[in-house]
Amino acid sequence: MTDKKKFQSFKQLYQDNKFDVLLKEDGSVYWLKLRSISRKELMIKFCQFANIDYVNVKTSALFEHIYNNKSEDDLLNKFIMDIYQHERSERKLNETVLISELYKMKIFDWGGLYQNNLERTIVDSYIKKIKDFELLNKKIENEIHTSVRGYVHASWYNHWTSILIEDIFKDNKKVSPTVGLIKKVDFFIDDVPFDLKVTYFPDGYMIEKRKAAGLPTEIQAVKQFAKMVGIDYNKQQKNKVIFAELMTRFRESTDDRIKIFLKNFNEVRWRIIQESMRDYKSLIRWLYEEQGERRFDAANRLFLVLIDKNNLEESWKMKRNIELLRDKIANYLDSFSLQNIDRLKIEFNWLDGKKYMALSDVIFIVKEFF
């Protein structure tokens, strides 16, 4: 296949989100690295850096032109690293202040808008349903304002903690960074591309594991026990709010019955988590298979699963604990080896009935102290 045909093939596979096919092709890693510097100003800088003539090349054809004038891998890697180091040095200047700002977050709540389209939620729940102007104003003040504040806070926290965590990876000598936004690739570990997914122990997976063990869901167990010991609460609230309230009341209680329940509840939780850590491939497979249809892809993924052993609901706070994250991530990268690459192969099914294969791994980071 000619370079021109290869370029167009890679481009089409990339646009179609067919990463399981793209990443099997020789030369795809080089193409993806070029894709990460495909902004006009970066491409021109690279042409100057690599002595590629670009004077009479249109901007729209520049990416393909650079690809066809293939430079040495080391040259491209050095250029990308130089750009990254410049950007990184600017972020380092403000890193201490940024971390301090992140510690001002006391509550993590999407305001009921997580993973939804904000505009669609407002249109469907308020604009199309409410005909009374005064009622609409009350809803704006009492509901929309609070929901949007929660959504913005949670999005802000996730954005900046994600940048901090990605920098931990990209600062490691085994990792080649990307410098521009590139679909489904955050960095390359020993030239293996990965999309980093920072998450917590999934609620849905906990439900499945409890069901397999013949146990009710956590919210069912908590509600049943609250009823048994005579704890009353507002049953009109959402289950997530009820669960948070009851767990807080349980933890603050001096009743021995509640202490025993909480101890047993946490032991079951931890046992399920430990089993999932040992059988991590099943968890990875579940994470791939539970993708929403709109977001589906079979790209290589590296999952960073954060677990606060003593309070699972507080695991979100670990995203700003840079010291803890840095040590655990460094340990993982130090042990990463291409000789064990077959260990990362994961096969999974999806809604279309097809089987997919990707390279994937998981790093569990557990906070065990109070």
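In what follows, the structure referred to is the one given above.
My aim in this report is to walk through the structure given alongside it, one point at a time.

Cut-off values and rules
- Residues numbered from 1 in each chain as written.
- Predicted model: local features only at pLDDT ≥ 70, side-chain atom pairs only at ≥ 80, totals over all residues.
- Heavy atoms only, no water.
- Helix = DSSP H or I, 4+ residues; strand = E, 2+ residues; numbered from the N terminus.
- Buried < 20%, exposed > 50% of the residue type's maximum accessible area, 1.4 Å probe, protein only.
- Contact = heavy atoms within 4.5 Å.
- Areas by Shrake-Rupley, 256 points an atom, 1.4 Å probe, with all protein chains shown as cover.
- Phe/Tyr/Trp six-rings, centres within 6.5 Å; stacked < 30°, edge-to-face > 60°.
- Axes fitted to C-alpha atoms, helices over the stretch in contact; angles between N-to-C directions.
- Parallel < 35°, antiparallel > 145°, perpendicular 65-115°, else oblique.
- Left-handed = near helix turned anticlockwise from the far one by under 90°.
- Nonpolar A, V, L, I, M, F, W, Y, C, P; charged D, E, K, R; others polar.
- Expected span 1.5 Å × (residues − 1).
- Salt bridge = Lys/Arg side-chain N within 4 Å of Asp/Glu carboxyl O.
- 1 Å grid on protein atoms, 1.4 Å probe; cavity = no way out; pocket = protein on both sides within 12 Å on 5 of 7 lines; lining within 4 Å.
- Points joined across faces, edges and corners; volume = space filled by probe spheres on them.
- Polar contact = N/O pair within 3.5 Å; in protein donor to acceptor, adjacent residues only side chain to side chain.

Re the overall build of the protein chain
Next, step 1: When you go through the protein chain residue by residue, the secondary structure sums to 14 helices and six strands.
Next, step 2: If you line up the protein chain on its principal axes, its C-alpha atoms span 80 × 55 × 50 Å.
Next, step 3: Per-residue burial over the protein chain gives 42% buried out of 370 residues.
Next, step 4: Taking the contacts inside the protein chain whose residues are at least 6 apart along the sequence as the reference set, 68% of them involve residues at least 24 apart.
Next, step 5: Carbon and sulfur atoms make up 50% of the accessible area of the protein chain, which amounts to about 21400 Å² in all.

Some words on the environment of Ile 168
Next, step 1: When you line up the elements, Ile 168 lands in helix 8 (residues 133–170).
Next, step 2: Taking the C-alpha atoms as reference, Ile 168 lies 35 Å from Thr 121; in sequence the two are 47 residues apart.

Let's talk about the packing of aromatic side chains
Next, step 1: Going through the model one piece at a time under the given rule, you end up with 29 aromatic pairs.
Next, step 2: Residues Phe 108 and Tyr 157 carry aromatic rings whose centres are separated by 5.8 Å and whose planes lie at 70 degrees to one another, so their mutual orientation is edge-to-face. Of this pair, Phe 108 sits in the loop between helix 6 (73–102) and helix 7 (118–127) while Tyr 157 is found in helix 8, placing the two residues 49 residues apart along the sequence. Summarising the burial analysis for this pair, Phe 108 and Tyr 157 share the class buried.
Next, step 3: Arranged with centres 5.6 Å apart and planes meeting at 25 degrees, the rings of Phe 108 and Trp 316 form a pair that is stacked.

A closer look at the packing of helix 9 (residues 203–212) against helix 13 (residues 280–289)
Next, step 1: At a minimum axis distance of 11 Å, the contact between helix 9 and helix 13 shows a crossing angle of 125 degrees. On the basis of the axis angle, helix 9 is oblique to helix 13. Two packed elements cross with a definite hand, and for helix 9 against helix 13 that hand is right-handed. Seen from helix 9, the contacting residues are Gly 204, Tyr 205 and Glu 208; seen from helix 13, they are Ser 282, Leu 283 and Trp 286.
Next, step 2: Looking at the contact of helix 9 with helix 13 residue by residue, the classes come out as three nonpolar, two polar and one charged.

Considerations on helix 11 (residues 239–252)
Next, step 1: Spanning 14 residues, helix 11 covers 20 Å between terminal C-alpha atoms, matching the ideal 20 Å at 1.5 Å per step.
Next, step 2: The elements touched by buried residues of helix 11 are helix 10 (218–228) and helix 12 (256–278).

Things to note about the pattern of salt bridges
Next, step 1: Tallied over the entire structure, the rule returns 27 salt bridges.
Next, step 2: Measuring nitrogen to oxygen at the nearest pair gives 3.0 Å for the salt bridge that ties Lys 78 to Asp 82. Remark: Asp 82 and Lys 78 occur in helix 6; sequence separation between them is four residues, near one turn of the helix.
Next, step 3: For Lys 104, the salt bridge goes to Glu 101, with nearest N and O atoms at 2.9 Å.

Topic: empty space enclosed by the protein
Gaps left between atoms show up when a probe the size of a water molecule is rolled over them.
Next, step 1: Going through the model one piece at a time under the given rule, you end up with one cavity of 30 Å³ or more.
Next, step 2: Taken together, Arg 269, Trp 270, Ile 273, Ile 307, Asp 308, Lys 309 and Leu 312 make up the full set of residues lining the largest cavity.
Next, step 3: Of all the elements in the fold, those that place two or more residues in the lining of the largest cavity are helix 12 and strand 4 (301–308).
Next, step 4: Of the residues in the lining of the largest cavity, the class split is four nonpolar, no polar and three charged.

Here's the deal with the side chain of Ser 360
Next, step 1: Examined against the element boundaries, Ser 360 turns out to sit in strand 6 (residues 355–367).
Next, step 2: Here Arg 301 takes part through its backbone oxygen, which lies 2.7 Å from a polar atom of the side chain of Ser 360.
Next, step 3: Ignoring sequence-local partners within four residues, the contact set of Ser 360 consists of Ile 284, Tyr 288, Arg 301, Phe 303, Leu 344 and Ile 346.

Regarding unusual backbone geometry
Next, step 1: For Asn 51, which is not glycine, the phi torsion reads 60 degrees and is therefore positive.
Next, step 2: On the secondary structure map, Asn 51 appears in the loop between helix 4 (40–50) and helix 5 (59–68).
Next, step 3: At Asp 191, a residue that is not glycine, the phi angle is positive and equals roughly 70 degrees.
Next, step 4: For Asp 191, the location among the structural elements is in the loop between strand 2 (187–189) and strand 3 (192–200).
Next, step 5: A residue is classified by how much of its surface remains accessible, and Asp 191, at 37% relative accessible area, is partly exposed.

Considerations on the packing of helix 10 against helix 12
Next, step 1: One can describe the packing of helix 10 onto helix 12 by two numbers: an axis separation of 12 Å at closest approach and a directional angle of 170 degrees. As summarised for this structure, helix 10 and helix 12 are arranged roughly antiparallel, according to the angle between their axes. Contacts from Glu 218, Ala 221, Val 222 and Phe 225 of helix 10 reach helix 12 at Arg 257, Ile 258, Phe 261, Phe 265 and Arg 269.
Next, step 2: Here the contact of helix 10 with helix 12 is built from residues that sort into six nonpolar, no polar and three charged.

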